[in-house]
Amino acid sequence: MIGAIAGDIIGSVYEHFSIKTTDFELFHQASRFTDDSVLTVAIADCIIHRKDYADTLKEYTRRYPGAGYGGRFYDWAFSESKDPYYSFGNGSAMRVSPIGFAFSDLSTVLKEAERSAAVTHNHPEGIKGAQAVAVAVYLARHKHGKKQIKDYIKEQFGYNLNRTLEQIRPNYQFDVTCQGSVPEAIISFLEAETFEEAVRNAVSLGGDSDTLACMAGAIAQAYFGEVPHRIEEKVRSMLPPDLLAVTDEFNRFAGL
């Protein structure tokens with residue numbers, strides 16, 4: 001789960017200042033955790049303590065109201081309603097990675113990813129995006145190769161993963177939909193040989209950089225087995241105690 005949070009923090013300063021290169025400073029003085037990290041930790045908390053997804057997402061958002069949420073999600077989180085709002089935004093996919101780490105069979109991962117998404121993002125694309133990221137994390141953690149991961153995601157979800165970053169990067173723009181960011185995050189991982197390279201690839205596309213890097217970082221941690229120590233220590237120093245405590249508890253729970 002640290003991989004997802006690291007990607008979020010590293011990508012945070014480039015979200016509205018797009019770059020088109022992998023050559024950039026990993027941690028900037030303005031780097032910070034955003035809603036991606038807050039809600040990823042919320043999902044982890046749900047898994048550990050069997051909490052309600054909707055209630056817990058609302059709880060964490062209200063605890064960290066300035067973390068940069070999308071407008072519709074923010075309105076939902078501060079409302080009395082628990083009804084979903086048919087979103088296909090990538091918010092469902094950015095927060096889902098703990099499910100891929102925590103559960104031991106693919107059918108449960110698919111089911112739980114749908115449940116976690118559908119409390120807000122009950123549009124088919126919102127559910128599909130969450131499932132694709134969770135499945136990629138699950139397959140990567142269980143030692144499936146990149147070709148197996150790529151083939152499964154293509155066949156199960158219909159995403160075009162045959163493009164290269166070099167083809168995508170020149171014309172790629174800010175896109176907060178699942179269908180316009182989840183495939184690109186997965187490709188960023190597929191072309192990487194290290195965790196850091198996966199995160200750099202995602203940020204270099206010049207889009208919704210914190211979320212792209214959050215998704216790619218989660219899959220990369222699962223695949224490569226760890227986050228480099230210097231990155232993990234920096235990330236840990238930037239998280240408030242309550243979020244770090246749940247992160248550590250989840251890591252013990254999931255055997256990370």
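Source: prediction; values computed, not measured. (Residues numbered from 1 in each chain as written. Predicted model: local features only at pLDDT ≥ 70, side-chain atom pairs only at ≥ 80, totals over all residues. Heavy atoms only, no water.)

Some details on the nonpolar core
By size, the foremost hydrophobic cluster in this structure holds 95 residues, and its most contacted members are V38, I153, V182, I231 and V235. Here this core gets 11 residues from one element, more than from any other, and that element is helix 8 (residues 124-141). Setting aside anything within four residues of it in sequence, one finds V38 in contact with F33, Y60, Y64, A67, Y69 and L243. (Core = buried A, V, L, I, M, F, W, Y, C linked by side-chain atoms within 4.5 Å. Buried < 20%, exposed > 50% of the residue type's maximum accessible area, 1.4 Å probe, protein only. Helix = DSSP H or I, 4+ residues; strand = E, 2+ residues; numbered from the N terminus. Contact = heavy atoms within 4.5 Å.)

Quick notes on the side chain of D210
Counting through the fold element by element, D210 comes out in helix 13 (residues 209-224). Although D210 is buried, it makes no salt bridge; R32 carries the closest opposite charge, 6.7 Å away. Setting aside residues no more than four positions away along its own chain, D210 makes contact with G7, D8, G11, S12, E15, T34, D35 and D36. (Lys, Arg positive; Asp, Glu negative; His and termini not counted. Salt bridge = Lys/Arg side-chain N within 4 Å of Asp/Glu carboxyl O.)

Things to note about the layout of surface pockets
Rolled over the atoms, a probe as big as a water molecule pinpoints where empty space is left. Its volume calculated, the largest pocket comes out at about 490 Å³. Along the wall of the largest pocket there are 29 residues; nearest its centre are Y69, G70, N90, G91 and V176. Of all the elements in the fold, those that place two or more residues in the lining of the largest pocket are helix 2 (35-49), helix 4 (71-77), helix 5 (91-94) and helix 13. Classifying every residue of the lining of the largest pocket by side-chain character gives 9 nonpolar, 12 polar and 8 charged. Its boundaries defined by the atoms lining it, the second largest pocket holds a volume of some 220 Å³. If you list the elements that add at least two residues to the lining of the second largest pocket, you get helix 13 and helix 14 (229-238). Looking at the lining of the second largest pocket, its residues break down into 5 nonpolar, 3 polar and 5 charged. (1 Å grid on protein atoms, 1.4 Å probe; cavity = no way out; pocket = protein on both sides within 12 Å on 5 of 7 lines; lining within 4 Å. Points joined across faces, edges and corners; volume = space filled by probe spheres on them. Nonpolar A, V, L, I, M, F, W, Y, C, P; charged D, E, K, R; others polar.)

A few points about the pattern of salt bridges
Between side chains of opposite charge, a pair can form as their charged atoms come close. This model, assessed by the stated rule, comprises 13 salt bridges. Here K128 makes a salt bridge to E125, at a shortest N to O gap of 3.5 Å. With a gap of 3 residues between them, K128 and E125 both fall in helix 8, about one helical turn apart. In this structure, D248 engages R236 in a salt bridge whose closest nitrogen and oxygen atoms are separated by 2.7 Å. Of this pair, D248 sits in helix 15 (residues 241-254) while R236 sits in helix 14, placing them 12 residues apart in sequence. Relative accessible area serves as the criterion here: at 23%, R236 is assigned to the partly exposed category.

Looking at the side chain of S87
For S87, the position within the fold is in the loop between helix 4 and helix 5. For S87, the side chain forms a polar contact with the main-chain nitrogen of G89, separated by 2.9 Å. Not counting the four nearest positions on each side in its chain, S87 is found in contact with R72, T120, H121, N122, H123 and G126. (Polar contact = N/O pair within 3.5 Å; in protein donor to acceptor, adjacent residues only side chain to side chain.)

Notes on unusual backbone geometry
The phi dihedral of R50 is positive, around 55°, even though this residue is not glycine. Within the secondary structure, R50 sits in the loop between helix 2 and helix 3 (53-63). The exposure class of R50 is exposed, given its relative accessible area of 79%. The backbone of Y86 shows a phi angle near 55°, a positive value even though the residue is not glycine.

Some points on the packing of helix 8 against helix 9 (residues 146-157)
At a minimum axis distance of 10 Å, the contact between helix 8 and helix 9 shows a crossing angle of 155°. The angle between the axes of helix 8 and helix 9 places the two elements in the roughly antiparallel class. Taken as a pair, helix 8 and helix 9 cross one another with a handedness that is right-handed. Between helix 8 and helix 9, the contacting residues are K128, Q131, A132, V135, A136, L139 and A140 on the first element and I149, Y152, I153 and F157 on the second. (Axes fitted to C-alpha atoms, helices over the stretch in contact; angles between N-to-C directions. Parallel < 35°, antiparallel > 145°, perpendicular 65-115°, else oblique. Left-handed = near helix turned anticlockwise from the far one by under 90°.)

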